[in-house]
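Per-entry structural report
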Amino acid sequence: MATVLYKLGRLAFRRRGLTLLLWMLVFAGGVLAAASAPPLPSDTFTMPGTETQKAYDLLKEKFPDISTDGAKARVVVRAPAGAKLADPAQKAKVDALVADLTRSPEVVSVVDPFRGQAVSKDGTTGYASVAYEVGATSISPETHAALTKAVSDARASGLTVEMGGDAVPPSQSMGSGEIIGLTVAALVLLATFGSLVAAGMPLLTALLGVGVGICGIVALGSALGLSSTTSTLALMLGLAVGIDYALFVISRYRAEIGDGREREEAAGRAVGTAGSAVVFAGLTVIVALAGLAVVDIPLLTKMGLAGAGTVLVAVLVAVTLVPALLGFAPIKVLRRRDRAQHYGKPASARTLRKAEKRAGRADGNLAVRWAGLVLRRPVAVLLIGVVGLGAVAVPAAGLELGLPSEGTMAVETTQRKAYDLVTESFGPGSNGPLMVTVEADDAAAVAVTVGERLARQDGVVSVSPPQANKAGDTAIVNVVPATGPADLKTEDLVRSLREAAHEIEGDTGGRVLVAGQTAMFIDFSETLDKALVPYLALVVGLAFVLLMLVFRSVLVPLKAALGFLLSVAAALGAVVAVFQWGWLADVFGVDEPGPVMSTMPIFMIGVVFGLAMDYEVFLVTRMREAYTHGASTREAVVTGFRYGGRVVAAAALIMISVFSGFILQDNDFIQMIGFGLAVAVLFDAFVVRMAIVPALFALLDDRAWWIPRWLDRVLPDMDVEGARLSPTGPAATVPPGRRTESAGVRPDRQA
């Protein structure tokens, strides 16, 4: 691996003009393909094999006029105090509102409050249901403007009007989150490198890689069903890993130049060593993201694959474009003082004194001093780290999962106001009615029986008359619960209705399916529960094998996986404390605490595992490299921190700043993911990888590198640490005894 990447790095450095041209052509081709591609489709949430999905599939087939994928809006109206909607003056206002909604672009149908029997018992409140021919993310600005104007005109007439549903125009995003994150990342890079060129290079390559990835998503979005949500998550991950991967390669190049290497040789060795770590770190992220396909929820699968594709582009950029750009500025990426020394300029006495002080600090820099402290007090550091993360993870025991609803939005939003008006006037169950589909030869007659039987269930407020299709073989019955869609009693009711439906099927011979928001949540939770263990087994198992190839050890991958579990548990605990319990809600911009998004745990497991392995690979490969060249385990830990500690800390700060920028998004899921990933990286990089890991190395000593001899013979030698690279280039053979290091004897000791 190291030899191949070494040659690739030298080639890219030498043929830098051609390499840059090829990447520019790829980017330009992506832009052209994205510009000519259809708009990204709407987010479609499907769960193959579940009862809810079967009901929706049946509706698509039997009720083609009813669009289950099109956007919906519910416009709630309330008459002025002392008046009723049926009063002639107020009814004229409602009719005008309905007429305006009907004339809006892309509208399929509008059901007014009177015709749809959607007027409250006291006659003061009602709602109109609007259906659109396109999905929520495909609605045109003209359609949003028409909906907003219709509501504004109705309000001006004296009615209280609020609107809900996915067709409601989204509120204006602050749009500064990504900019803030990139600004902080730029400052961290500048402080780390001390060179504007070196600081700008990771940002430039990351933006180009993300641009290629996003263009690919847009170009293939229509064919593969990739929505705007997938592109947002790909942007988040692509920026973070793209900057980090370039950071490690450039940092290693500067170290090689500092050791006196010739420029092209330094680029080759940087890609051969740090680039090998980048490749395997990227593979772990790709495995974790692509593994989301195991969950069998298409939306998660698409998000995972889109993110994995962007990470793959970031890896390719790091091992090809970064060394090419180093070829254009081989010396300008160094600090000013190092550039002066490289060009042979005479240094003043003051400069020499500063250089001596810096050299002394380099030998005992903060990372080295920290490593020394951990090696002297490994038990104390281990206990503090584990107990501290365990305490943060405690709130995760109270994790409550749920799907986003308008009832948990900020109280000042029109969606929340519409939700509260419906709850007040029609009861909480009206915000989440259950839909029962009946398929039979005489569906209308069977549906009457179904409605009568279901109406007798405890917790049912009302059952609507059946609505049959033209063929008469399918009918719909709407059931209004007494409790809201997020209430546990509604979940119990859904299970009771489904049990009753199965009995009715036996009596009538028809097919009865119960769907709706709460039913969908139940099916979704069951799908996630079934997939969690296989997903963990797949992701952790494949990553374990990859890390064994990297480190040629059994215990290093094991402690890496256990450290990840600790990090993700602590991150979930922080998410619960902030987003569910409301701790520091104002600080993080949480409008309304509520249940954690159902997809959050499994998505965090996939993404955090990949990112956690990044720092494990980057930090420990430096230790492994020192160990294979004769250092003891304790010496290897110090060496790893001397050369990798500061860079890993900078990489973690960059990733945290990029993820934190997404906390400012209006999308609840993106906001929660941004916060969760930011705190997960914080815990994993600074507590697990830089405290718990060296403490375990100190306790395990040489046993940390143990691997059975038979397994050492079976595993291919990937040479990630660059043992085959001699001081001037790739060695012709493996150093003597290379295969015996698993027995505790390193090459130098054997010789």
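Up top you'll find the structure we're talking about.
Note that this is a predicted model, so its numbers are computed, not measured.

This brings us to unusual backbone geometry. In terms of backbone geometry, most residues other than glycine have negative phi values and most peptide bonds are trans. In this structure, Glu 106 takes a positive phi of about 65 degrees despite not being glycine. In this structure, Glu 106 sits in the loop between α4 (88–102) and β2 (107–111). Even without being glycine, Asp 296 reaches a positive phi, approximately 65 degrees. Along the chain, the position of Asp 296 falls in the loop between α9 (263–290) and α10 (298–328). With relative accessibility at 44%, the residue Asp 296 sits in the partly exposed group.

Our focus in this paragraph is the sheet that holds strand β3 (residues 125–132). Spatially, the 4 strands line up as an open sheet ordered β2-β3-β1-β4, and their pairing is antiparallel. At either margin of the open sheet sits one strand with a lone partner, and together these are β2 and β4 (160–164). The sheet shows a mean angle of 20 degrees between the axes of neighbouring strands, direction not considered. Here β2 pairs with β3 via 4 bridges, running antiparallel. Across the sheet, residue Val 107 finds its bridge partner in β3, namely Tyr 132.

Our next topic: the nonpolar core. Within the largest apolar cluster, 161 residues are counted, with the highest numbers of intra-cluster contacts made by Tyr 245, Tyr 253, Met 604, Phe 659 and Phe 697. With 19 residues, helix α21 (residues 600–628) is the largest single contributor of residues to this core. With residues up to four places along the chain from it excluded, the contact list for Met 604 reads Val 568, Ala 571, Leu 572, Val 575, Phe 609, Gly 676 and Ala 680. If you look at the next biggest cluster of nonpolar residues, it comprises 27 residues, including Val 98, Ala 150, Met 163 and Ala 167.

Under the definition given, this model contains 2 cavities of 30 Å³ or more. A volume near 40 Å³ is recorded for the largest cavity. Lining of the largest cavity is provided by Thr 205, Ala 206, Gly 242, Tyr 245, Ala 246, Ala 314, Val 317, Ala 318 and Val 322. Within the residue set of the lining of the largest cavity, elements represented by two or more residues are α7 (196–224), α8 (228–258) and α10. If you tally residues by element for the lining of the largest cavity, the top one is α10, at 4 residues.

This part covers the pairing of strand β1 (residues 72–78). Counting buried positions over the 7 residues of β1 gives 6, a clear majority of the element. With 7 bridges connecting them, β1 and β3 associate as antiparallel partners. The residue bridging Lys 72 from the neighbouring strand is Ala 131, located in β3. Across 5 bridges, the pairing between β1 and β4 is antiparallel. The residue of β4 that forms the bridge with Arg 74 is Gly 164.

Conventions and cut-offs
Residues numbered from 1 in each chain as written. Predicted model: local features only at pLDDT ≥ 70, side-chain atom pairs only at ≥ 80, totals over all residues. Heavy atoms only, no water. Helix = DSSP H or I, 4+ residues; strand = E, 2+ residues; numbered from the N terminus. Buried < 20%, exposed > 50% of the residue type's maximum accessible area, 1.4 Å probe, protein only. Pairing = 2+ DSSP bridges. Axes fitted to C-alpha atoms, helices over the stretch in contact; angles between N-to-C directions. Core = buried A, V, L, I, M, F, W, Y, C linked by side-chain atoms within 4.5 Å. Contact = heavy atoms within 4.5 Å. 1 Å grid on protein atoms, 1.4 Å probe; cavity = no way out; pocket = protein on both sides within 12 Å on 5 of 7 lines; lining within 4 Å. Points joined across faces, edges and corners; volume = space filled by probe spheres on them.

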